[in-house]
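Take a look at the letters that make up each chain.
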Amino acid sequence: MSVSGTSAAGEKRLSGAAPARRPAPAFDAARAREDFPILRQRVHGRPLVYLDNAATTQKPRAVIDAISRYYEEDNANVHRGVHLLSERATRRHDEARKRVARFIGAPDPREVIFVRGTTEAVNLVAQTFGRTRVGAGDEVLVTELEHHSNIVPWQMLCQEKGARLRVVPVTDTGDLDLDALEALLGPRTRLLAVTQVSNALGTVNPLPEIIARAKARGVPVLVDGAQGAPHLGFDAAASGADFYAFSGHKLYGPTGVGVLWGRREHLEAMPPWQGGGDMILSVTFEKTIYNALPHKFEAGTPDIAGAIGLAAAIDYVDGLGLEAIAAHERELLALAVDALEAEEGVRLVGTPRERAGVVSFLVGDVHPHDVGTVLDRHGVAVRAGHHCAQPLMQRLGLAATARASFGLYNTPEDVDALVRGIRAVREMFA
Amino acid sequence: MSELTDLYQEVVLDHGKRPRNYGPLEGATHRAEGLNPLCGDRIAVQARLEDGVVRDVRFEGSGCAISKASASVMTGFAKGRTPAEIDAVFEQFHRLVTEGPGAVDAESLGKLAVFGGVHEYPTRVKCASLPWHALRQALRGGGEAISTE
């Protein structure tokens, strides 16, 4: 399948991005697929159809090579050595930070903090910004769509401070109830933590509207971009958000590295989180002077290779064109939604106004685990379970769903394989 | 390569669809709940113990075909046995679902042998053992929800 042309916004994005590879006029998923060595294999005797991209994406050769090359040619500790390798490693780590800053439209690379992933980013904000801003009787607002990693850190903070965790409900379609949001934004609301895209249902939240409503009440906003970054990207400066968090491994980069972006004035005012090397300017037993941004929040030797791998992943994605990838994924998702809706005995879970990357479904009364096992034996990898969103599952009255999630290398043939697998499920459990 | 039908044998599918001993147990003396945090499945087991013997046992909850079938076959198997006998059988059963039929005396397991295909599916071992954990916890006098983790 091909998608015509890159949009103007995509071109604009690319012009500043020095892409490693010019986007073809039409996005060619089958060709991109060849960049991913892991996808060449067969599983259970069938070609691998990988539809678990919301859990983690596969890695292109360019990312694998960048990590290997770093270890083969440049490996040394950063910010320490006077020797050549350390200078090179430091420079490449700094370049990776600048690359991330360009990707998410951060005005200043010092606002980009490398962390282990989205979970760590949210915990960092909860334990620093949250701890200094939230007191007894205050409120932290999350939504029913959140992943556990954007619930539990806030719950822990609220327990510690005697604050109240409040929840923006979803409608039956899986969209946030914006009227309820309006009503919940009150004088004691100290922060709104909201996801860009639901990992369980694929709902794309109307962030501009949500952020505008929070801002009108002076409430800072943290956006969980774990699912959003790979499908929609983000423009930090234009968004009005205060914090943005995402993971490298859901963006075709390595596991173990992620990003917290925060507005400079917040990051400057926040106390450090973890203590150790790199985050200090000077240490005596009486007093430690903390380092400047971003190092204040990066105690210890960072995941240098991870950051370099993430930058390579961003180069790869921008080279193909995020807009072109997004258009391709939208077409695939529409195809999958139509095919599943037409399939006897299949029920979609969540029918949000706008959707990215994910479709959740049930097959008759077959338990999603059994659906997942049968699909796996047909070469189709999906996720089955509560998707780390138990409160959302509870709201929907379900214990679990099966979830197919798409990436840039998926094709219409993958949707066909999913449908064939689902028919095999129905046959087996008829 | 193992076939799907090794896991989902006819008997397993049948017990998954029409579980025996399903529902509340009147006069239960022991109860516990098994929870699989990976998938959110819950199996609650209730037993009536008299003179050191399980006279009746039933289960309730939500789960996949494997966990429901396992609970169904297990409850049938447990009636008339002592907690010590159940512990001993569980050891064999656990070996069956982790190592396969070659690792155990399949005959001593009777009907439980239908779970011999589970060992080819490591992610499903917890589904098969969940009801057993709940039953053994109940008979030990527990009552707290126990987890497969």
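A short note on the sheet that holds strand β16 (residues 383-385) of chain A
Residue and element names in this part refer to chain A.
Then step 1. Across the sheet, four strands lie side by side as β13-β14-β17-β16; this open sheet has antiparallel pairing. Each having just a single partner strand, β13 (346-349) and β16 make up the two edges of the open sheet. Between one strand and the next, the sheet's axes are offset by a mean angle of 35 degrees, whatever the strand orientation.
Then step 2. Both strand β14 (residues 358-363) and strand β17 (residues 401-405) contribute to a ladder of four bridges, which runs antiparallel. Each residue of the ladder has a partner; that of Val-358, found in β17, is Ser-405.
Then step 3. With respect to the sheet, helix α13 (residues 322-342) is in contact with β13 and β14, its orientation differing from that of β14 by roughly 15 degrees.
Then step 4. Across the face of the sheet, helix α14 (residues 368-377) comes into contact with β14, β16 and β17 while running at roughly 105 degrees to β14.

Considerations on the packing of aromatic side chains
All names here are of chain A.
Then step 1. A full pass over the atoms with the stated rule returns 14 aromatic pairs over all chains.
Then step 2. When the ring of Phe-36 is compared with that of Tyr-316, the centres are 5.7 Å apart and the planes differ by 85 degrees; the resulting orientation is edge-to-face. One end of the pair, Phe-36, is in the loop between α2 (29-33) and β1 (42-43); the other, Tyr-316, is in helix α12 (residues 304-320), with 280 residues separating them in the sequence.
Then step 3. We classify Phe-36 as buried; its relative accessible area is 0%.
Then step 4. Tyr-316 gets classed as buried once you look at its relative accessible area, which sits at 8%.
Then step 5. Pairing Phe-129 with Phe-243 gives two aromatic rings, centres 5.0 Å apart and planes at 70 degrees, and the pair type is edge-to-face.

Digging into the pattern of salt bridges
Residue and element names in this part refer to chain A.
Then step 1. For the structure shown, the criterion picks out 35 salt bridges over all chains.
Then step 2. Among the salt bridges present, the one from Lys-215 reaches Asp-242, with a minimum N-O distance of 2.6 Å. Here Lys-215, found in helix α8 (residues 207-216), pairs with Asp-242, found in the loop between α10 (236-239) and β9 (243-247); they are 27 residues apart in sequence, far enough to count as distant.
Then step 3. Judged by its relative accessible area of 4%, Asp-242 is buried.

Observations regarding unusual backbone geometry
All names here are of chain A.
Then step 1. The amide bond that connects Leu-293 to the next residue, Pro-294, takes the cis arrangement and shows omega of 0 degrees.
Then step 2. Structurally, Pro-294 is set in the loop between β12 (288-290) and α12.
Then step 3. One non-glycine residue, His-44, lies in positive phi territory at about 50 degrees.
Then step 4. By the element assignment, His-44 lies in the loop between β1 and β2 (46-47).
Then step 5. Here His-44 falls in the partly exposed class, since its relative accessible area comes to 25%.
Then step 6. Unusually for a residue other than glycine, His-387 sits at a positive phi of about 60 degrees.
Then step 7. Among the structural elements, His-387 can be located in the loop between β16 and α15 (390-396).

Details of helix α2 (residues 10-17) of chain B
Every α-helical turn comprises 3.6 residues, leaving residues that sit three or four positions apart pointing alike.
Then step 1. Looking at α2 of chain B, one finds that the buried residues are Val-12, Leu-13, His-15 and Gly-16 of chain B. End-on view of α2 of chain B: buried residues confined to an arc of 170 degrees, all on one side of the axis.
Then step 2. Turning to α2 of chain B, the residues buried within the fold contact α16 (412-428) of chain A together with α1 (4-7) and α3 (65-78) of chain B.

Observations regarding helix α4 (residues 83-99) of chain B
Residue and element names in this part refer to chain B.
Then step 1. With 17 residues, α4 should reach 24 Å at 1.5 Å per residue; the first-to-last C-alpha distance of 24 Å fits that figure.
Then step 2. The complete set of buried residues in α4 reads Ile-86, Val-89, Phe-90, Phe-93, Leu-96 and Val-97. Buried residues of α4, viewed axially, fall in a sector of 120 degrees; they line one side. Along α4, exposed side chains directed more than 90 degrees from the buried face belong to Ala-84, Glu-91 and Glu-99.
Then step 3. Phi turns positive one or two residues past the end of α4, at Gly-100, with a value near 105 degrees.

Overview of the interface of chain A and chain B
Then step 1. Between chain A and chain B, the residue contacts involve 16 residues of the former and 22 residues of the latter.
Then step 2. Taken together, both faces of the contact between chain A and chain B bury some 1,500 Å²; the carbon and sulfur share is 59%.
Then step 3. Three residues, His-369, Arg-377 and Met-428 of chain A, lead the burial of chain A against chain B; their summed loss comes to 38% of the area buried on that side.
Then step 4. Inspection of the chain A/chain B interface yields one salt bridge.
Then step 5. A salt bridge links Arg-124 of chain B to Asp-370 of chain A; its shortest N-O distance comes to 2.8 Å.
Then step 6. In this structure, the connection of chain A to chain B is made through eight residue pairs in polar contact (both at pLDDT 80 or more).

Regarding the sheet that holds strand β10 (residues 258-262) of chain A
Residue and element names in this part refer to chain A.
Then step 1. A sheet is described by the order of its strands in space; here seven strands give the open sequence β4-β10-β9-β8-β7-β5-β6, paired in mixed fashion. Unpaired on one side and paired on the other, β4 (112-115) and β6 (164-168) mark the two borders of the sheet. Taken pair by pair, the neighbouring strands of this sheet meet at an average axis angle of 20 degrees, ignoring direction.
Then step 2. Across five bridges, the pairing between strand β5 (residues 139-143) and β6 is parallel. Across the sheet, residue Glu-139 finds its bridge partner in β6, namely Arg-164.
Then step 3. Packed on one face of the sheet, helix α4 (residues 84-103) meets β4, β9 and β10 and runs near 115 degrees to β4.

Looking at the packing of α13 of chain A against α16 of chain A
Residue and element names in this part refer to chain A.
Then step 1. Between α13 and α16, the shortest axis-to-axis distance is 10 Å and the interhelical angle comes to 20 degrees. With respect to their mutual orientation, α13 and α16 come out roughly parallel. Between α13 and α16 lies a crossing of right-handed hand. Contacts between α13 and α16 involve Leu-332, Leu-335, Ala-336, Ala-339 and Leu-340 from the former and Pro-412, Val-415, Leu-418, Val-419 and Ile-422 from the latter.
Then step 2. The class makeup of the residues in the contact of α13 with α16 is 10 nonpolar, no polar and no charged.

Let's talk about the state of the cysteines
All names here are of chain B.
Then step 1. Here the structure, examined in full by the defined rule, presents zero disulfides over all chains.
Then step 2. With no disulfide partner, Cys-127 has as its closest neighbouring cysteine sulfur the one in Cys-64, 3.8 Å distant.
Then step 3. Since its relative accessible area comes to 2%, Cys-127 is described here as buried.

Conventions adopted
- Residues numbered from 1 in each chain as written.
- Chains lettered and ligands numbered in written order.
- Predicted model: local features only at pLDDT ≥ 70, side-chain atom pairs only at ≥ 80, totals over all residues.
- Heavy atoms only, no water.
- Pairing = 2+ DSSP bridges.
- Helix = DSSP H or I, 4+ residues; strand = E, 2+ residues; numbered from the N terminus.
- Axes fitted to C-alpha atoms, helices over the stretch in contact; angles between N-to-C directions.
- Contact = heavy atoms within 4.5 Å.
- Phe/Tyr/Trp six-rings, centres within 6.5 Å; stacked < 30°, edge-to-face > 60°.
- Buried < 20%, exposed > 50% of the residue type's maximum accessible area, 1.4 Å probe, protein only.
- Salt bridge = Lys/Arg side-chain N within 4 Å of Asp/Glu carboxyl O.
- Arc of directions from axis to C-beta.
- Expected span 1.5 Å × (residues − 1).
- Buried area = accessible area lost by both parts, 1.4 Å probe.
- Polar contact = N/O pair within 3.5 Å; in protein donor to acceptor, adjacent residues only side chain to side chain.
- Parallel < 35°, antiparallel > 145°, perpendicular 65-115°, else oblique.
- Left-handed = near helix turned anticlockwise from the far one by under 90°.
- Nonpolar A, V, L, I, M, F, W, Y, C, P; charged D, E, K, R; others polar.
- Disulfide = S-S within 2.5 Å.

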